[in-house]
Amino acid sequence: MNDTTVRQAGLSRAFAIRAAIFLSCMALPFILYSNSLRAPFIFDDFSFILDKPDVRQIGGYTDAFVKGRYLTYLTFSLNYRMGGFDTFGFHLFNIFAHALAAGLVFILAWKLTAMIRSDDGQSLFLSAGTALLFAVHPMNTESVAYIYHRSESLSTAFYLLSLILFLMTVERGTFFLVLSLSSFAAGFFCKETAVTLPVVILAVDYLFLSGRKLEEVLKRKHVHLAYWAVLAAVLIFRLYALG
């Protein structure tokens, strides 16, 4: 067995381990929150889902609030199209959104810890622990079990994906920047809390990629400016198109 074969076998094994952890992080929320699948609509679910005529159609929304969280309401519309107001489908999607976010926490944590830890085993352990804690933490219960609050999980998933794609932009090029910016905009149209992303990306660059050297961050100023441009665009759209 030559060196190339050994190296390929090692890479395949490492990928299999990471994939198994990722899938475990995604599977755990389905187990943990399975008892919520038949829970009824509660509280704001009535005024923001059941009483919103826009939910009964896909696209062409007229309500300003609905248009502001377009992607979140698109998922409500798809749920309604597939099963009416049967809460099972709504809750199943909520769990999926949280599970996806947990998997993305693992990927992001692994990428970041790998930058500061030479031991891949330690990176995997820390990343898996972080993601599993996110998956089971009671802080997230409301965004999973409360149907209307899926906006939190969806926005978080796109937020994390945009961060991961930013790291891939630095590694592999501009194509991933386009994907990252698109994910950032998608996160905003799930919930407005995504507006903090450009600041967080600056912090990640400064702390993990640039060795806390501002001049290194400035070498990627065109990348950072792109995030601020998207932020300005979505805020202007929000202000003038939606009121």
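Preceding this section is the structure that the text describes.
Attention here is on the structure that accompanies the text. (Residues numbered from 1 in each chain as written. Predicted model: local features only at pLDDT ≥ 70, side-chain atom pairs only at ≥ 80, totals over all residues. Heavy atoms only, no water.)

## Considering the overall build of the protein chain
Logical step 1: Across its full length, the protein chain carries 12 helices and 0 strands.
Logical step 2: The order of helices and strands in the protein chain, counted from the N terminus, is α-α-α-α-α-α-α-α-α-α-α-α.
Logical step 3: For the protein chain, the spread of C-alpha atoms along the three principal axes comes to 65 × 40 × 30 Å.
Logical step 4: Burial statistics for the protein chain: of 243 residues in total, 44% are counted as buried.
Logical step 5: In the protein chain, once contacts between residues fewer than 6 apart in sequence are set aside, the share between residues at least 24 apart is 71%.
Logical step 6: By element, 68% of the accessible surface of the protein chain is carried by carbon and sulfur atoms, the whole surface being about 12600 Å².
Logical step 7: Between the centroid of the 20 positive side chains of the protein chain and the centroid of its 16 negative side chains there is a distance of 5 Å. (Helix = DSSP H or I, 4+ residues; strand = E, 2+ residues; numbered from the N terminus. Buried < 20%, exposed > 50% of the residue type's maximum accessible area, 1.4 Å probe, protein only. Contact = heavy atoms within 4.5 Å. Areas by Shrake-Rupley, 256 points an atom, 1.4 Å probe, with all protein chains shown as cover. Lys, Arg positive; Asp, Glu negative; His and termini not counted. Charge placed at Lys NZ, Arg CZ, Asp CG, Glu CD.)

## Here we look at helix α6 (residues 120-136)
Logical step 1: A rise of 1.5 Å per residue sets the reference length of α6, with its 17 residues, at 24 Å; its end C-alpha atoms lie 24 Å apart and thus fit the reference within 8%.
Logical step 2: Three or more residues of α6 are buried, namely S123, L124, S127, A128, A131, F134 and A135. All buried residues of α6 project into a common sector of 125 degrees when viewed along the axis, lining one side. In this structure, α6 carries F125 and L133 as exposed residues pointing more than 90 degrees from its buried face. (Expected span 1.5 Å × (residues − 1). Arc of directions from axis to C-beta.)

## Section: the packing of helix α10 (residues 197-209) against helix α12 (residues 221-241)
Logical step 1: Where α10 contacts α12, the axes come no closer than 9 Å and their chain directions differ by 170 degrees. The angle between the axes of α10 and α12 places the two elements in the roughly antiparallel class. By crossing handedness, the relation of α10 to α12 is classed as right-handed. Between α10 and α12, the contacting residues are P198, V199, I201, L202 and D205 on the first element and H224, Y227, W228 and L231 on the second.
Logical step 2: Residue composition of the contact of α10 with α12, grouped by class: 7 nonpolar, 1 polar and 1 charged. (Axes fitted to C-alpha atoms, helices over the stretch in contact; angles between N-to-C directions. Parallel < 35°, antiparallel > 145°, perpendicular 65-115°, else oblique. Left-handed = near helix turned anticlockwise from the far one by under 90°. Nonpolar A, V, L, I, M, F, W, Y, C, P; charged D, E, K, R; others polar.)

## A closer look at the nonpolar core
Logical step 1: Counting 40 residues, the largest nonpolar core has F106, L108, L163, F166, F184 and Y227 as the members making the most contacts within it.
Logical step 2: Residue assignment for this core shows that the elements contributing at least two residues are α1 (3-32), α5 (87-116), α6, α8 (150-172), α9 (174-188), α10 and α12.
Logical step 3: The contact partners of Y227, leaving out residues within four places of it in the chain, are S162, F166, L177, S180, L181, F184, P198 and I201.
Logical step 4: Listed in part, the 12 residues of the second largest apolar core include F41, V66, F90 and Y146. (Core = buried A, V, L, I, M, F, W, Y, C linked by side-chain atoms within 4.5 Å.)

## A look at the environment of A99
Logical step 1: Residue position: A99 is located in helix α5.
Logical step 2: Classification of A99 by relative accessible area gives buried; the value is 0%.
Logical step 3: Along the sequence, A99 and Q57 sit 42 residues apart, while their C-alpha atoms lie 27 Å from each other.
Logical step 4: Every residue in contact with A99, bar those within four places of it in the chain, is listed here: C25, M26, P29 and F30.

## A short note on α5
Logical step 1: Its 30 residues give α5 an end-to-end C-alpha distance of 44 Å, which sits within 8% of 44 Å, the value for a rise of 1.5 Å per residue.
Logical step 2: A side-chain oxygen of the first residue of α5 lies 3.1 Å from the backbone nitrogen of F88; this N-cap is D86. (Polar contact = N/O pair within 3.5 Å; in protein donor to acceptor, adjacent residues only side chain to side chain.)

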